[in-house]
Amino acid sequence: MSYIGPNATVSGTASVRDNATVSDNATVSGTAIVGGNAIVGGNAFVTDDATVTDDARVTDDATVTDDARVTDNATVTDSAIVTDNARVTDNASVRDNATVSDNATVTDSAIVTDNAIVRGTMVIDRSPMTVTRSDGYTFLYAPCADGIWRVSAGCRYFTMEEAETHWSETRGDTPLGQETMIILIALGAWRLLCEEQS
């Protein structure tokens, strides 16, 4: 039997079913579904056709919205956001202000953290390498559904070649430009290690 705690809010046509729990100031609204043995709590927000089910956990100010799915023992926590048809599944974890959006998938026990942004057709099936530049800008490098690896950083979403061109042109020989080129080299080396281990 599902449980809705006294400080939780369920509104619109949202549903809490099966053995799911919504508690601790969490909000489930719109047409969202929380089911299975899922737990939504700690000021979390689930709305707009989102689904949280199958032992998934959404807690600690996290948001799941806009047809996103969190399933199969996945965790979204610590102000993380999963939105725009994104999927987090199979023991994966998204946390610490990270964002998964725009049809991206995080799966197979992968961990996305530290303000990283996973978007587009990225499919994260292992914990990706993220590097945060000295100004707080986080870079993530991962394969996409089309087989092409892309760099995601802030609002940027580039192939490695596009990333090198962009930051060379916009940052040039500045300290941030030099730091960015070192980060891109490190991300490229990490990719080679991943491919050798596959």
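Computed from a prediction, not measured in an experiment: that's the story for all the values here.

**Quick word on helix H1 (residues 160–171)**
- Relative to the 16 Å expected for 12 residues at 1.5 Å per residue, H1 spans 16 Å between its end C-alpha atoms, a close match to the ideal helical length.
- What H1 keeps buried is the set Met 160, Ala 163, His 166 and Trp 167. All buried residues of H1 fall inside an arc of 125° around its axis, so they share one side. H1 presents Glu 161 and Glu 169 as exposed residues on the side facing more than 90 degrees away from its buried surface.
- Where H1 is buried, its residues touch strand S23 (138–143), strand S24 (149–153), strand S25 (156–159) and helix H2 (175–197).
- Two residues or fewer past H1, Gly 172 is found with a positive phi of approximately 50°.

**So, a negative patch on the surface**
- Side chains of Asp 18, Asp 54, Asp 55, Asp 72, Asp 90 and Asp 108 sit close together on the surface and give a patch of like negative charge.
- Within the secondary structure layout, Asp 72 lies in the loop between strand S12 (69–70) and strand S13 (75–76).

**Thoughts on the packing of H1 against H2**
- The contact between H1 and H2 brings their axes to 9 Å, and the two run at 170°. In terms of orientation, H1 and H2 fall into the roughly antiparallel class. Together, Met 160, Ala 163, Glu 164, Trp 167, Ser 168 and Arg 171 of H1 and Leu 176, Gly 177, Thr 180, Met 181, Leu 184, Leu 187 and Gly 188 of H2 make up the contact between the two elements.
- The residue makeup of the contact of H1 with H2, split by class, is seven nonpolar, four polar and two charged.

**Notes on the pairing of S24**
- Of all five residues in S24, five are buried, a share of seventy percent or more.
- Burial along S24 is two-sided: the residues Trp 149, Val 151 and Ala 153 and Arg 150 and Ser 152 are all buried.
- As defined by bridge partners, S24 adjoins S25 across four bridges and the pair is classed as antiparallel. By the bridge assignment for S25, Ser 152 is matched with Tyr 157.
- Where S24 folds back on S25, the antiparallel hairpin that results is connected by two residues, among which Gly 154 adopts a positive phi of roughly 55°.

**Notes on the sheet that holds strand S1 (residues 3–4)**
- With parallel pairing, the seven strands of this open sheet are ordered in space as S1-S4-S7-S10-S13-S16-S19. The outermost strands of the open sheet, each flanked by one partner alone, are S1 and strand S19 (111–112).
- Examined bridge by bridge, strand S16 (residues 93–94) and S19 share two bridges and lie parallel to one another. The partner of Val 94 across the bridge, within S19, is Val 112.

Rules used throughout
- Residues numbered from 1 in each chain as written.
- Predicted model: local features only at pLDDT ≥ 70, side-chain atom pairs only at ≥ 80, totals over all residues.
- Heavy atoms only, no water.
- Helix = DSSP H or I, 4+ residues; strand = E, 2+ residues; numbered from the N terminus.
- Expected span 1.5 Å × (residues − 1).
- Buried < 20%, exposed > 50% of the residue type's maximum accessible area, 1.4 Å probe, protein only.
- Arc of directions from axis to C-beta.
- Contact = heavy atoms within 4.5 Å.
- Patch = residues over 30% accessible without salt bridge, like charges linked within 9 Å, V, L, I, M, F, W, Y side chains within 5 Å.
- Areas by Shrake-Rupley, 256 points an atom, 1.4 Å probe, with all protein chains shown as cover.
- Salt bridge = Lys/Arg side-chain N within 4 Å of Asp/Glu carboxyl O.
- Lys, Arg positive; Asp, Glu negative; His and termini not counted.
- Charge placed at Lys NZ, Arg CZ, Asp CG, Glu CD.
- Axes fitted to C-alpha atoms, helices over the stretch in contact; angles between N-to-C directions.
- Parallel < 35°, antiparallel > 145°, perpendicular 65-115°, else oblique.
- Nonpolar A, V, L, I, M, F, W, Y, C, P; charged D, E, K, R; others polar.
- Pairing = 2+ DSSP bridges.

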